[in-house]
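One-letter residues, chain by chain:
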Amino acid sequence: MPTRDSAVDTLTVHADVLAVEAHKRALRRGIRERRRARGAETAADVDAGIARVLLGCPLLAGAHRVAAYTSRPDEPGTRGLLAELRRHDVEVLLPVLLEDSDLDWEVRPARPAAPGHLGVHAIASADLVLIPALAVDTAGRRLGQGGGSYDRALRRVPARVPVLAVVHDEELLDAAVSPLPTLPHDRLVQAVVTPTRWLWLAA
């Protein structure tokens, strides 16, 4: 039977989790609103900037297989980057959302040597992993969409493989000033890419 002190501790933990989740929801709302306010011309510039910065990033040099994603309309664009990776004959893994919210992976465009879905552990074979984010701070904390899919997938990535989050410039936050809220299941990222620069983080 739990003691009164342990019951109080449990209530405190639950209250902390609820507070963190509420903080995350508020941050997500604000960032999504700002993203929706961006125009098509700005989005095109962002897409081109992301491609330019990543093609010049030393973390990409020598990569033969990259796990990436196709950006949604409001996200910093990855379409230009994906086209360039394929043009340079880099194999690209794209996520497939499963019913349990985990991520399977497939090669796009499909190749005879790797047809269909490759399984949830295929991400472990990538030389570099690019993931979406709503914000990242300079300590490597990432604010995702809230589904937890990438937190699960990143547990399968070997420690030697860099994980880069892609955000707009203003979505890279100074951890000493505006640290992002996190919970134990949240995974850190090692680097961040914006339309104007890439940065190795403290993680």
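Here's what I pulled together on the structure shown here. (Residues numbered from 1 in each chain as written. Predicted model: local features only at pLDDT ≥ 70, side-chain atom pairs only at ≥ 80, totals over all residues. Heavy atoms only, no water.)

## Let's talk about the overall build of the chain
Along the backbone of the chain there are 4 helices and 10 strands. Each helix (α) and strand (β) of the chain, taken in turn from the N terminus, gives the series α-α-β-α-β-β-β-β-β-α-β-β-β-β. Sorting the 203 residues of the chain into buried and exposed places 43% on the buried side. A separation threshold of at least 6 residues defines the contact pool for the chain, and within that pool the share at least 24 residues apart is 72%. Accessible area of the chain: about 10,700 Å², with a carbon and sulfur share of 55%. (Helix = DSSP H or I, 4+ residues; strand = E, 2+ residues; numbered from the N terminus. Buried < 20%, exposed > 50% of the residue type's maximum accessible area, 1.4 Å probe, protein only. Contact = heavy atoms within 4.5 Å. Areas by Shrake-Rupley, 256 points an atom, 1.4 Å probe, with all protein chains shown as cover.)

## Thoughts on the side chain of Asp 102
Considering the arrangement of structural elements, one finds Asp 102 in the loop between strand 2 (91–97) and strand 3 (103–107). A polar contact of 3.5 Å, which involves the side chain of Asp 102, links it to the side chain of Arg 152. Residues contacting Asp 102, with those up to four places away along its chain left out, are Val 96, Leu 97, Val 120, Arg 152 and Arg 156. (Polar contact = N/O pair within 3.5 Å; in protein donor to acceptor, adjacent residues only side chain to side chain.)

## Considering the sheet that holds strand 3
In space, the 7 strands of this open sheet follow the order 3-2-1-4-7-9-10, with mixed pairing throughout. Two strands lie at the open edges of the sheet, namely strand 3 and strand 10 (198–200), each paired on one side alone. Across the sheet, the axes of successive neighbouring strands diverge by a mean angle of 25°, strand direction being ignored. With 3 bridges connecting them, strand 9 (residues 191–193) and strand 10 associate as antiparallel partners. Of the residues in strand 10, the one forming a bridge with Val 192 is Leu 199. Strands in contact with helix 2 (residues 40–55) are strand 4 (128–132), strand 7 (163–166), strand 9 and strand 10; relative to strand 9, the strand with the most contacts, it is inclined by about 135°. Relative to the sheet, helix 3 (residues 79–87) contacts strand 1 (65–67), strand 2 and strand 4, its axis offset from that of strand 2 by approximately 135°. (Pairing = 2+ DSSP bridges. Axes fitted to C-alpha atoms, helices over the stretch in contact; angles between N-to-C directions.)

## Overview of the packing of helix 2 against helix 3
Helix packing for two helices is described by the angle between their axes and how far apart those axes are. Packing of helix 2 against helix 3 leaves a shortest axis separation of 7 Å and a crossing angle of 40°. Judged by the angle between their axes, helix 2 and helix 3 are oblique. In contact with Asp 47, Ala 51, Leu 54 and Leu 55 of helix 2, helix 3 contributes Arg 79, Gly 80, Leu 81 and Glu 84. Partitioned by chemical class, the residues of the contact of helix 2 with helix 3 number 4 nonpolar, 1 polar and 3 charged. (Parallel < 35°, antiparallel > 145°, perpendicular 65-115°, else oblique. Nonpolar A, V, L, I, M, F, W, Y, C, P; charged D, E, K, R; others polar.)

## Considering the nonpolar core
Judged by nonpolar contacts, the single largest core of 47 residues is most densely connected at Leu 54, Val 66, Trp 105, Val 129, Leu 130, Ile 131 and Val 136. Counting residues per element, this core draws most heavily on helix 2, which supplies 5 residues. Counting residues in hydrophobic clusters, the runner-up holds 5 residues, among them Ile 31, Leu 134, Ala 135 and Leu 180. (Core = buried A, V, L, I, M, F, W, Y, C linked by side-chain atoms within 4.5 Å.)

## Thoughts on the pattern of salt bridges
Taken as a whole and assessed by the stated rule, the structure comprises 9 salt bridges. Residues Arg 38 and Glu 170 are paired through a salt bridge, measuring 2.3 Å at the closest nitrogen-oxygen approach. On the criterion of sequence distance, the pair formed by Arg 38 in the loop between helix 1 (4–36) and helix 2 and Glu 170 in the loop between strand 7 and strand 8 (172–173) is long-range, its members being 132 residues apart. A salt bridge links Glu 91 to Arg 65, with the shortest nitrogen-to-oxygen separation between them at 2.6 Å. Highlighted residues: Glu 91 in strand 2 and Arg 65 in strand 1, separated in sequence by 26 residues. (Salt bridge = Lys/Arg side-chain N within 4 Å of Asp/Glu carboxyl O.)

## Observations concerning the pairing of strand 4
When you tally the buried positions in strand 4, you get 5 out of 5 residues, the bulk of the element. Because side chains alternate across strand 4, one face comprises the buried residues Leu 128, Leu 130 and Pro 132, and the other comprises Val 129 and Ile 131, equally buried. Of the pairings in the sheet, the one linking strand 1 to strand 4 comprises 2 bridges and is parallel in character. Along strand 4, the bridge assignment pairs Val 66 with Leu 128. Strand direction decides the pairing type here: strand 4 and strand 7, joined by 4 bridges, are parallel.

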